[in-house]
Amino acid sequence: MFAIDVAIASMDEIIVTATRREESIQDVPIAVSAFDGDFIENARIQTFDDVLSLIPGAVFFDITGSNGSFPSMRGSAFTDDSPAADLPVAFFIDDVYAGSGSAFNTDFYDIEQVAVLRGPQGTTFGRNVVGGAIQITTRKPELGERSAELTVGGRNRPGFEARGFVNQPINDRLAARVSFQQRRVDGHTFNETTGNDVGEIDVWSVRAQALYQASSALDVLVSGSYSRDTSKGLPRDLIIRGAQPSLLPVGPTGLALNPDPRVVNNNEDGFTDRYTWAGQIRLDWNTSWGNLVSITAGRGFEGGSAEDVAAGPLPELLGKLDFQDEAQFTQEVRLVSPGDGRAIDYVFGVFFLKASAQRTENNPFIPIPGTVLASLTPPIVGSTHQQIDTLSVAPFGELVWNATDWLALRAGIRFTYEDKEGEIEHFNDPNPFTGPVFTVPISESWTATTPRFGLEISPTDDILLYGTISKGFKSGGWSLNNATPATAQQPFDPEEVWSYEVGVRTEWFDNRITFNGTAFLAETNDLQIRQWDGVATFLTTNAAKVEAKGIELELFAQPTDEFGFGVVYGYTDSRFDSFPNCAVGVDCDGNRVPYVPLHTATVYGQYATPLPNLDATLSFRAEYNFNSEYRLNDLNNVATRNQTKRDAYVNAFMTYEPDHGDWSLSLWGRNILDDEAISGSSNFSIFHYSAAEIAAGNQAFRAVYDTPRQWGGSVSFRF
């Protein structure tokens, strides 16, 4: 993919490492989209949600608050945030793996590139990458160049944001770079019960790097980062289907619940209090055999959060309090052959991970007289704790035979050994939400072989045709809450997917038009899926077989030096091919897989006009995001699914920049039409209704809405 810049003769080439070697994106035989630093700035990409809205077939959804945000790609989505569960889409920052849901709440700042690889990447990326991989590459220190930048801004909600960097050469072979970002913005939703605004953002991050050129053949990069998040308020809407619950008190509007989606009635505001840290030492050594890379890295996360799970105004209802602690050590060594046009190219390496994660969840609950759960003995404080240690070792390799100038064959394989062990503890009061009181050990190991085979044909320098067969693997695990000690010790099975993909990558008219297309079929065995047990608990189990098929199209054009546009479309039909007994007496065969929209699309354009009298350039950018509705559970029966459709999400940006280039002024707006789509919803009727009211067809759903309309401006200074 190519970024659309302001007033350029042709679109700039983007170099990616999607095959673990540096290549032009148009030469990469897999489905990958990439955005360079200028594009990220122009499109104001700050979060994973911003990124995935530009990727065909991808969405980003929030289920469990700041510690549980999840991506969906290629029909793979997973919502279990237990420490012993893994996501199907992995996140890599500067080639360091981060797989937990909390990693997807990371802010972007001082970014060189974002690349999104779709489909199983089980050979060269490996661990749990069955749906895809997201690569974040930060800007590195530059030798011999002193530079700095500072951007400050505000928005319609009171608050401010600031970001910047300083690049400082120490001598001819040593340079340092320090980057930072801070966002402090008041809440966007009013909590009518507490009288406070919720949805506040309060995050700051800093990153320091040092690059040492030990010799003409050896570079040493040392980096460390720290982020602190003390945001307040996790808004949870309660959507009613039918009559207002008679058991809830009447509020200021004369109703028990305010129907305005920008007003909630939560008995507590909720909060996030966490920090993350990361550090790495990277060696790049150019030898006659190729580039030898060693990455030694650590990453950690610790903190807590609270939210009103039931999303209602009564203080007796469930208010969940979470504490999490994660740490990991990774070591990867790989050898990449020189890019000198030889007949055989290769990548060989080994990956090692040692990780520890634990989570404690407290669920205080006093049943409301008259509800389905009124028979429970109050008060209840159901508490669960899960601790898991993970060891993963995976050697891998891939060969490419460049048979002719226009034909290449690719074959790769990865062997994975993974071991998980720890314990699950349920303490305080036995109840339907967390199960009985017990402490049990958990332990299991798995092995997997994940090959990839590919064929590449280049009839001209501007056309690449390719076909790929690949396998992905995601290890098994355990849910946090279980009904009995026996079921707590029984892991859900690993997930395996075979993917078949054909694609084309083309460039036309001196790179002014780029068109890429992909068709895929993915067959998954033992899909891991989180299910509501019909009473009070979410558990992860395995669906027997799932088939996902689709097409992904990307068109980017720059008809003139001043105007460019892009169109991105994805079609994904992901269904349970076989899922017997998904509920008591019910088969889900043929049902749609949750959190996978059938259609996604993004259209964007940018126009730049010179202002000769002012010696400046004024640029405009606008984008429209769409996704069709998606199902919210395996039964496909959640009534709020129609509200997952995003069809009025519009962003716009304007930048004024003097030709001298030492400062610029930007204005921006997100969700300008105030789209009110929800990203996730769960049926929590048992907390609010009596059995008779539910039998009469009344339902209550907890939901998370898109962030409402935002607008603001910023000014940047370059030194």
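Model, not experiment: these values are computed from the prediction. (Residues numbered from 1 in each chain as written. Predicted model: local features only at pLDDT ≥ 70, side-chain atom pairs only at ≥ 80, totals over all residues. Heavy atoms only, no water.)

Caption draft 1: Spotlight on the overall build of the protein chain. The helix and strand tally for the protein chain stands at four helices and 37 strands. For a compact globule of 719 residues, the expected C-alpha radius of gyration is about 27 Å, and the protein chain comes in at 26 Å, within 12% of that figure. Principal axes of the C-alpha set define a box for the protein chain whose edges measure 75 × 60 × 45 Å. Taking as baseline every contact in the protein chain between residues at least 6 positions apart, the subset at least 24 positions apart corresponds to 69%. (Helix = DSSP H or I, 4+ residues; strand = E, 2+ residues; numbered from the N terminus. Rg over C-alpha atoms; globule rule 2.2 N^0.38 Å. Contact = heavy atoms within 4.5 Å.)

Caption draft 2: Quick peek at the packing of aromatic side chains. Scanning the entire structure with this criterion turns up 20 aromatic pairs. Aromatic side chains Phe39 and Tyr604 sit 5.7 Å apart centroid to centroid with 80° between the ring planes, which places their arrangement in the edge-to-face category. With Phe39 in helix 1 (residues 37-42) and Tyr604 in strand 31 (residues 599-611), this residue pair connects regions lying 565 residues apart in the sequence. In this structure Tyr604 comes out as buried when scored by relative accessible area, which is 2%. Ring centres 5.8 Å apart and planes at 45° place the aromatic pair Tyr595 and Tyr630 in the tilted group. Pair noted here: Tyr595 is in the loop between strand 30 (563-578) and strand 31 and Tyr630 is in the loop between strand 32 (616-627) and strand 33 (646-658), with a separation of 35 residues, a long-range link. (Phe/Tyr/Trp six-rings, centres within 6.5 Å; stacked < 30°, edge-to-face > 60°. Buried < 20%, exposed > 50% of the residue type's maximum accessible area, 1.4 Å probe, protein only.)

Caption draft 3: View of the confidence of the model for the protein chain. Across the protein chain, pLDDT averages 89, with 94% of residues at or above 70. Ignoring residues within four places in sequence, the model shows residues 1-10, a span with pLDDT below 50, making 48 contacts including any to other chains. (pLDDT = per-residue confidence, 0-100.)

Caption draft 4: Highlighting the sheet that holds strand 6 (residues 89-93). Taken together, the five strands give an open sheet; going across it, the order is 3-8-9-6-7, and neighbouring strands pair in mixed fashion. A strand with exactly one partner marks an edge of an open sheet, and here the two such strands are strand 3 (32-36) and strand 7 (96-98). If you compare each strand with its neighbour and ignore which way they point, the axes differ by 20° on average. Across five bridges, the pairing between strand 6 and strand 9 (residues 132-138) is parallel. Bridge assignment links Phe92 to a residue of strand 9, and that residue is Gln135. (Pairing = 2+ DSSP bridges. Axes fitted to C-alpha atoms, helices over the stretch in contact; angles between N-to-C directions.)

Caption draft 5: Up close: a negative patch on the surface. A grouping of Glu13, Asp27, Asp461, Asp462 and Asp510 is seen on the molecular surface, where their side chains present a negatively charged patch. Checked against the element boundaries, Glu13 lands in the segment before strand 1 (15-16). (Patch = residues over 30% accessible without salt bridge, like charges linked within 9 Å, V, L, I, M, F, W, Y side chains within 5 Å. Areas by Shrake-Rupley, 256 points an atom, 1.4 Å probe, with all protein chains shown as cover. Salt bridge = Lys/Arg side-chain N within 4 Å of Asp/Glu carboxyl O. Lys, Arg positive; Asp, Glu negative; His and termini not counted. Charge placed at Lys NZ, Arg CZ, Asp CG, Glu CD.)

Caption draft 6: How the structure looks around the environment of Val440. Structurally, Val440 is set in strand 25 (residues 438-460). Spatially, the C-alpha atom of Val440 lies 20 Å from that of Asp80, the residues being 360 residues apart in sequence. In contact with Val440, other than residues within four places in its own chain, are Gly422, Glu423, Ile424, Pro485, Ala488 and Gln489.

Caption draft 7: How the structure looks around the side chain of Gln121. Positionally, Gln121 belongs in the loop between strand 8 (111-118) and strand 9. Judged by relative accessible area, which is 2%, Gln121 ranks as buried. Excluding its chain neighbours within four sequence positions, the residues that come into contact with Gln121 are Ile30, Gly126, Val129 and Arg452.

Caption draft 8: Region of interest: the nonpolar core. Core analysis: the biggest nonpolar cluster contains 26 residues, and Val114 and Ile136 have the highest contact counts within it. If we ignore the near neighbours within four places in the chain, the residues touching Val114 are Ser33, Ala34, Phe35, Ile40, Val51, Phe108, Ile134, Gln135 and Ile136. In this structure, Ile14, Ala115, Phe125 and Leu353 belong to the second largest nonpolar core, which totals 19 residues. (Core = buried A, V, L, I, M, F, W, Y, C linked by side-chain atoms within 4.5 Å.)

Caption draft 9: Examining the state of the cysteines more closely. The tally for this structure, following the rule as stated, stands at one disulfide. The disulfide partner of Cys582 is Cys588, and the gap between their sulfur atoms is 2.0 Å. A torsion of 75° about the S-S bond marks the disulfide between Cys582 and Cys588 as right-handed. Note on Cys582: relative accessible area 10%, which makes it buried. Take Cys588: its relative accessible area is 0%, and that puts it in the buried class. (Disulfide = S-S within 2.5 Å.)

Caption draft 10: Representation of the sheet that holds strand 13 (residues 189-191). The strand order across the open sheet formed by three strands is 14-13-18, and the pairing between neighbours is mixed. Every other strand in the sheet has two partners, leaving strand 14 (196-198) and strand 18 (263-264) as the edge strands with one partner each. Pairing analysis gives three bridges linking strand 13 to strand 14, with the strands arranged antiparallel. Looking at the pairing, Asn191 lines up with Asn196 of strand 14.

Caption draft 11: Spatial organisation of the pattern of salt bridges. Counted under the stated rule, the structure contains 45 salt bridges. The salt bridge partner of Asp186 is Arg184, with a shortest N-O separation of 3.1 Å. Classification of Asp186 as partly exposed rests on a relative accessible area of 27%.

Caption draft 12: The arrangement of the environment of Arg21 in detail. Of note, Arg21 is situated in the loop between strand 1 and strand 2 (23-24). Taking the C-alpha atoms as reference points, Arg21 and Ser225, 204 residues apart in sequence, are found 25 Å from one another. Once residues lying within four places of it in the same chain are set aside, the contact partners of Arg21 are Val16, Val336, Ser337, Asp345, Tyr346 and Val347.

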